[in-house]
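Below are the chains, spelled out letter by letter.
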Amino acid sequence: IEKIQEAAANGRTAFSFEYFPPKTEEGVENLFERMDRMVAHGPNFCDITWGAGGSTADVTLDIANRMQNMVCVETMMHLTCTNMPVEKIDSALDAIKSNGIQNVLALRGDPPHGQDKFVQVAGGFSCALDLVQHIRAKYGDYFGITVAGYPEAHPEVILGEEGATDEAYSNDLAYLKRKVDAGADLIVTQLFYDTDIFLKFVNDCRQIGITCPIVPGIMPINNYKGFIRMTGFCKTKIPAEITAALEPIKDNEEAVKAYGIHLGTEMCKKILATGINTLHLYTLNMEKTALAILTNLGLIEESKLSRTLPWRPPTNVFRV
Ligand code: FAD
């Protein structure tokens, strides 16, 4: 957590950008052009997701390597247990280690497409906790490990409209603590749109002794259908004022984007005002909304469009 602590000491806010692997080669090249421009604004790290069911393993590994060694940004690769016997997990970890990447987001993963339940593969792991334990046992302190946290509890334990029961929420938190106790250095949260829920979650984590940084995962609204799909999938609560603001403009793409920037800015302002000084932006591979929010917050300079960053040797960003 060296860089995040450094940022705190200097009164600076740390921010990071998340990307997913595009489906085509052309998409990958476009992504790198965009990433290059975005990295010019100085994120503390960038991360690349692992396709559901291991579907993008090779592309994710390639992109992670290029991010670390050609874009020259501290890179965190996501890794899930879905369809991954331990040999495959180790070969992915060995590959990124040999490319100098020192940061992993350790996840269980969702079930592969077409299945509705996570099934542990033979010789594989049943949950992210197993993966964290394995990485620490086999690779010592080489990797900085991040895990996922769920301010509204994991969707599998949310059974009704009202959200998780108090008991399910507490169990979820206790399990999150086990992931941290097993060696995770950082928590990045699932998306949320009710900032109070996130702030309560941070408080509840502190109450049960979770001391590592908890980074809010901010997913700016870029389009209405995508927003409804994601919040439905993740069972995210949508505050009434957001529904009221979106309903009349939902068919107007530009208006939805502008609202997404406004809302993202206000959410981040409220979070930063509490003294939390880290933001993780789910960019969905888009540039403008994330950068507009950071510009509104005064965290980046609008004019800084070209970059002159020299190559730096990779470092594990999360460990002191
Ligand atoms: P886990 O931490 O293993 O567990 C999820 C939930 O199951 C827990 O919250 C708890 O309720 C329950 N649980 C599991 N094991 C136990 C136990 N032993 N005891 C008690 N309760 C338990 N998916 C991808 O496919 N690729 C990605 O790149 C990706 N990136 C993500 C990034 C972030 C920041 C987040 C929040 C999610 C991401 N996901 C990704 C989605 C994630 O894979 C799913 O949410 C998945 O269903 C759970 O993964 P997890 O690591 O949280 O699982």
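In terms of regular secondary structure, the protein chain is built from 11 helices and nine strands. For 320 residues, the compact-globule estimate of 2.2 N^0.38 gives 20 Å, and the protein chain sits close to it at 19 Å. Each of the three principal axes of the protein chain carries a C-alpha extent, and together these read 50 × 50 × 40 Å. The buried share among the 320 residues of the protein chain stands at 54%. For the protein chain, long-range pairs separated by at least 24 residues make up 80% of all intrachain contacts whose partners lie at least 6 apart in sequence. For the protein chain, the accessible area works out to roughly 14,900 Å², and carbon and sulfur atoms hold 52% of it.

This brings us to the site of the ligand. Surveying the vicinity of the ligand reveals 22 residues, the closest of which are Trp 50, Asp 110, Tyr 150, Asp 172 and Lys 179. In the environment of the ligand, an oxygen atom lies 2.8 Å from a nitrogen or oxygen atom belonging to the side chain of His 78. Taking Gly 109, its main chain carries an N or O atom lying 3.2 Å from an oxygen atom of the ligand. Taken by itself the ligand offers 970 Å² of open surface, and the protein chains cover 83% of this. A per-element tally of the shell around the ligand places helix H6 (residues 166-181) first, with three residues.

Across the six residues that make up strand S3 (residues 75-80), a large majority, six, are buried. With burial as the criterion, each face of S3 is covered, one bearing Thr 75, Met 77 and Leu 79 and the other bearing Met 76, His 78 and Thr 80. Sheet topology note: the strand S2 (residues 45-48)/S3 ladder contains three bridges and is parallel. Within S3, the position partnered with Cys 46 by the bridge is Thr 75.

With that settled, the discussion passes to the packing of H6 against helix H7 (residues 195-207). Each packed pair of helices is defined by two parameters, the angle between the axes and the distance between the axes. At a closest axis distance of 10 Å, the pairing of H6 and H7 adopts a crossing angle of 60°. Taken together, the axes of H6 and H7 are oblique relative to one another. In terms of crossing hand, the pair formed by H6 and H7 is right-handed. Contacts from Tyr 169, Leu 173 and Leu 176 in H6 reach Lys 200, Phe 201, Asp 204 and Cys 205 in H7. Looking at the contact of H6 with H7 residue by residue, the class counts come to five nonpolar, no polar and two charged.

With that settled, consider helix H4 (residues 86-98). In this model, H4 (13 residues) spans 18 Å end to end at C-alpha, consistent with the 18 Å of a helix rising 1.5 Å per residue. The set of residues buried in H4 consists of Ile 89, Asp 90, Ala 92, Leu 93 and Ile 96. Along the axis of H4, the buried residues cluster in a sector spanning 160°; they form a single face. Away from its buried face, by an angle of more than 90 degrees, H4 presents the exposed residues Glu 87 and Ser 98. Taken together, the buried residues of H4 touch helix H3 (57-71), S3, strand S4 (103-107) and helix H5 (128-139). A positive phi of about 80° marks Gly 100, the residue just after H4.

Definitions and cut-offs
- Residue indices begin from 1 for each chain and proceed along its sequence in written order.
- The model is predicted, so local features are restricted to residues of pLDDT at least 70 and side-chain atom pairs to those at 80 or more, both for listing and for counting; the totals for chains, interfaces and linings are taken over all residues.
- Values shown for side chains rest on all heavy atoms present in the structure; no hydrogens or waters enter the calculation.
- Helix and strand definitions here come from DSSP, where helices need a minimum of 4 consecutive H or I residues and strands a minimum of 2 consecutive E residues; each element is numbered from the N-terminal end.
- Atoms considered for the radius of gyration are the C-alpha atoms alone. The globule rule reads 2.2 Å times the number of residues to the power 0.38.
- For each residue, the accessible area found with a 1.4 Å probe, counting protein chains only, is set against the maximum for its type, and the residue is called buried under 20%, exposed over 50%, and partly exposed in between.
- The contact definition used throughout considers only heavy atoms, calling two residues in contact when any of these lie within 4.5 Å.
- Shrake-Rupley sampling with a 1.4 Å probe provides the accessible areas, and residues are treated as covered by the protein chains on show and by no other component.
- Throughout this document, a residue counts as near a molecule or strand when at least one of its heavy atoms sits within 4 Å of that molecule or strand.
- Two N or O atoms count as a polar contact when they lie within 3.5 Å, although within protein this holds only if one can serve as hydrogen donor and the other as acceptor, and sequence-adjacent residues are included solely when both atoms are side-chain atoms.
- Strand pairing is assigned whenever DSSP detects at least two bridges linking the two strands.
- Structural elements are reduced to axes, namely lines fitted to C-alpha atoms, with helices fitted over the stretch in contact, and the angle between N-to-C directions of any two is expressed from 0 to 180 degrees.
- Should an angle fall under 35 degrees it is called roughly parallel, over 145 degrees roughly antiparallel, and 65 to 115 degrees roughly perpendicular, with every other angle called oblique.
- Throughout, a crossing is termed right-handed when the near helix is turned clockwise from the far one, and left-handed when it is turned anticlockwise from it by less than a right angle.
- When residue character is reported, Ala, Val, Leu, Ile, Met, Phe, Trp, Tyr, Cys and Pro are called nonpolar, Asp, Glu, Lys and Arg charged, and the others, Gly included, polar.
- A helix is expected to span 1.5 Å for every residue after the first.
- Within this analysis, the arc is defined by the directions that extend from the helix axis to the C-beta atoms.

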